[in-house]
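What the coordinates show
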Amino acid sequence: MIHAYKLHGENIVLDICSGAVHLLDDIAYDVLCCYDSDGTLNPNKLKELTKYDETQINEAITEIEYLIDNKMLFTEDPYTGMLPAWTKETVVKALCLHIAHDCNLRCSYCFAGTGEYMGHRSLMSLEVGKKAIDFLIENSGHRRNLEIDFFGGEPLMNFEVVKGIVEYARKREKESGKNFRFTITTNAMLLDEEKRAYINENMHNVVLSLDGRKEVNDAVRKRVDGTGSYDRILPLIKKMVEERAGKDYYVRGTFTRKNLDFGTDVLHLADLGFDQISVEPVVAAKDTGFDIRTEDLQAVCDEYERLAKEYVNRRKNGQWFNFFHFMIDLEGGPCIAKRLRGCGSGTEYLAVTPEGELYPCHQFVGHKEFMLGNVYDGLNGNPIRESFRESNVYTKPQCNSCWAKFYCSGGCAANAWQFNKNIKIPYEIGCELEKKRVECALWIKAQESK
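Bear in mind the structure is a predicted one, so any value in this text is a computation, not a measurement. (Residues numbered from 1 in each chain as written. Predicted model: local features only at pLDDT ≥ 70, side-chain atom pairs only at ≥ 80, totals over all residues. Heavy atoms only, no water.)

Of the regular secondary structure elements, the protein holds 17 helices and 16 strands. Its C-alpha atoms give the protein a radius of gyration of 24 Å, within 12% of the compact-globule value 22 Å for 450 residues. Each principal axis of the C-alpha distribution contributes one length, and for the protein these read about 75 × 50 × 40 Å. By the burial criterion, 54% of the 450 residues in the protein qualify as buried. Here the analysis covers contacts within the protein between residues at least 6 apart in sequence; of these, 69% occur between residues at least 24 apart. Accessible area for the protein stands at about 20,300 Å²; split by element, carbon and sulfur atoms hold 49% of it. Charged side chains of the protein number 57 positive and 68 negative; the gap between the two group centres comes to 4 Å. (Helix = DSSP H or I, 4+ residues; strand = E, 2+ residues; numbered from the N terminus. Rg over C-alpha atoms; globule rule 2.2 N^0.38 Å. Buried < 20%, exposed > 50% of the residue type's maximum accessible area, 1.4 Å probe, protein only. Contact = heavy atoms within 4.5 Å. Areas by Shrake-Rupley, 256 points an atom, 1.4 Å probe, with all protein chains shown as cover. Lys, Arg positive; Asp, Glu negative; His and termini not counted. Charge placed at Lys NZ, Arg CZ, Asp CG, Glu CD.)

The next point concerns the sheet that holds strand 1 (residues 2-7). Strand order in the open sheet formed by three strands is 1-2-3, with antiparallel pairing between adjacent strands. The open sheet has two edge strands, strand 1 and strand 3 (21-24), and neither has a second partner. Strand after strand, the sheet turns through a mean of 25° between neighbouring axes, direction not considered. Strand direction decides the pairing type here: strand 2 (residues 10-15) and strand 3, joined by four bridges, are antiparallel. Note that in strand 3 the partner of N11 across the bridge is L24. (Pairing = 2+ DSSP bridges. Axes fitted to C-alpha atoms, helices over the stretch in contact; angles between N-to-C directions.)

Geometry of an aromatic ring pair is reported as the spacing of the ring centres plus the angle between the planes. Enumeration over the complete set of coordinates arrives at 19 aromatic pairs. When the ring of Y311 is compared with that of F321, the centres are 5.1 Å apart and the planes differ by 85°; the resulting orientation is edge-to-face. Here Y311, found in helix 11 (residues 297-316), pairs with F321, found in the loop between helix 11 and strand 12 (322-323); they are 10 residues apart in sequence, far enough to count as distant. Relative to Y427, the ring of F419 lies with its centre 4.1 Å away and its plane at 15°, an arrangement referred to as stacked. Joined through ring pairs, the aromatic side chains of F255, F262, Y304, Y311, F321, F323 and F326 make up one cluster. The positively charged end of K163 is found above the aromatic ring belonging to Y198, 5.7 Å away from the centroid. Here K258 stacks its cationic end above the ring of F290, 5.8 Å away from the centre of that ring. (Phe/Tyr/Trp six-rings, centres within 6.5 Å; stacked < 30°, edge-to-face > 60°. Lys NZ or Arg CZ within 6 Å of the ring centre and 35° of its normal.)

Look at helix 6 (residues 159-176) against helix 7 (residues 193-202): their axes get within 12 Å of each other, and the N-to-C directions meet at 25°. As judged from the angle between their axes, helix 6 and helix 7 are roughly parallel. Crossing hand, helix 6 versus helix 7: left-handed. The residues of helix 7 that touch helix 6, namely those facing F159, K163, V166 and R170, are E194, K195, Y198, I199 and N202. Its residues assigned to classes, the contact of helix 6 with helix 7 comprises four nonpolar, one polar and four charged. (Parallel < 35°, antiparallel > 145°, perpendicular 65-115°, else oblique. Left-handed = near helix turned anticlockwise from the far one by under 90°. Nonpolar A, V, L, I, M, F, W, Y, C, P; charged D, E, K, R; others polar.)

Another point: helix 10 (residues 262-271). A turn of α-helix holds 3.6 residues, and therefore any two residues three or four places apart point the same way. Burial analysis of helix 10 places seven of its 10 residues in the buried class, the great majority of the element. Within the span of helix 10, buried status applies to F262, G263, D265, V266, L267, L269 and A270. For helix 10, the secondary structure elements touched by its buried residues are helix 8 (214-220), strand 10 (249-255), strand 11 (276-281), helix 11 and strand 12.

Let us now look at the nonpolar core. Ranked by size, the top nonpolar core spans 103 residues in total, and within it L95, L97, F150, F274 and F323 carry the most contacts. Discounting residues that sit within four places of it in the chain, L95 has contacts with A132, F135, L136, E147, I148, D149, L350 and V352. Counting residues in hydrophobic clusters, the runner-up holds 19 residues, among them Y29, C34, Y35 and I64. (Core = buried A, V, L, I, M, F, W, Y, C linked by side-chain atoms within 4.5 Å.)

This part is about the sheet that holds strand 13 (residues 349-352). Pairing in this open sheet of 11 strands is mixed, and the strands run 12-11-10-9-8-7-4-13-14-15-16 from one edge to the other. Two strands close off the open sheet at either side, each with one partner strand: strand 12 and strand 16 (378-379). Note that strand 10 and strand 11 share five bridges and pair parallel. Note that in strand 11 the partner of F255 across the bridge is P281. The strands that helix 9 (residues 230-243) touches are strand 9 (205-209) and strand 10; relative to strand 9, the one it contacts most, it runs at about 160°.

On to the pairing of strand 1, then. Along strand 1, the buried face is formed by H3, Y5 and L7; none of I2, A4 and K6, which line the opposite face, is buried. Pairing of strand 1 with strand 2, which is carried by six bridges, proceeds in the antiparallel orientation. Looking at the pairing, A4 lines up with V13 of strand 2. Joining the antiparallel neighbours strand 1 and strand 2 is a turn of two residues, in which H8 adopts a positive phi near 45°.

Any link to function would need more than the numbers given here.
Rendered as structure tokens:
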């Protein structure tokens, strides 16, 4: 299987199973389009290619056949026979701790009901946090490196418990031979000097929420009293990034149907001096006014292409910044298991509520049919966990035939369930956007190779 496309004057061909990427001239590209999906040259299609002379066509065929013979085009899928190894029992390696089911913002598109998660406002106790650390250690098998994400709501509203959990984890890692890495996600409203200093000393990564331009951010990321948050959080985020010396952070925004020109927001963040940026499409309920719709796809895809072009131009001119969705590694990249199974939600990665309940990930919290147990008694044997364990790009029919399957790993299970009530039926709009991002990322790599 191959994927051939044109973008900003380049003819790009991706060989799906080998991961090889080729830049072809017009002749070779047009000749390649005369091959069937199995890598066989179709003489009837070739007859229709009349704008080149026979010598040019034969030279192109020779080049293409060389790539096929050397397993760089139309390569066979080497992974299907390995699937049994990836459906075996897995260990838990990461927890998302919902430190606060409460928030000091009232973001219009919030999937968590502004922090309540379909329940009530509550804060995690240190006791639950400690039990979560114990649970992770006990269920991590021989894995040494473990991840803890502090999440909300807004975790800075319960910061003393964050500190207590970190202290306890440091104690337990010495006893258990484990190594903990911590990440915190914050809206920055409470990010004072003391908290910044602690985060810089103890957190391996920090995610700082800001949606871009002031008018865009303040239209959706509002305080409890309805006023905007931009003027409050921008100087605090700038200070945080400055004090981290630009390392291990992301300024993370969300774009909605209200700002389909989101590339302008990405560039606004870059112009503010941030060089690690992630602005992601909202996943909002249908007809909320924020949801990305089928009729919006062309505009969003065009915006990704526009942003990719400006991204390359800025990097060439010394205005370097990193955009999360344009990151792609053609030489190493994720291991094969991760390419096939994705983030590991429900198996390797779990979310913990303030009361200690376990869910497949933060987006499933509050949906009781997905509750997998609690940190006191452990996993409860909910059979739905088996569905997560068996889920991969080969068990999802739409993914199995998709050229981008090894880059998106089957998409987000929570989004699939939200829109299709089935974790194995991908969210179609998300699929289309992911494919466009991969195309842009490959084009960017092509420019860098020059």
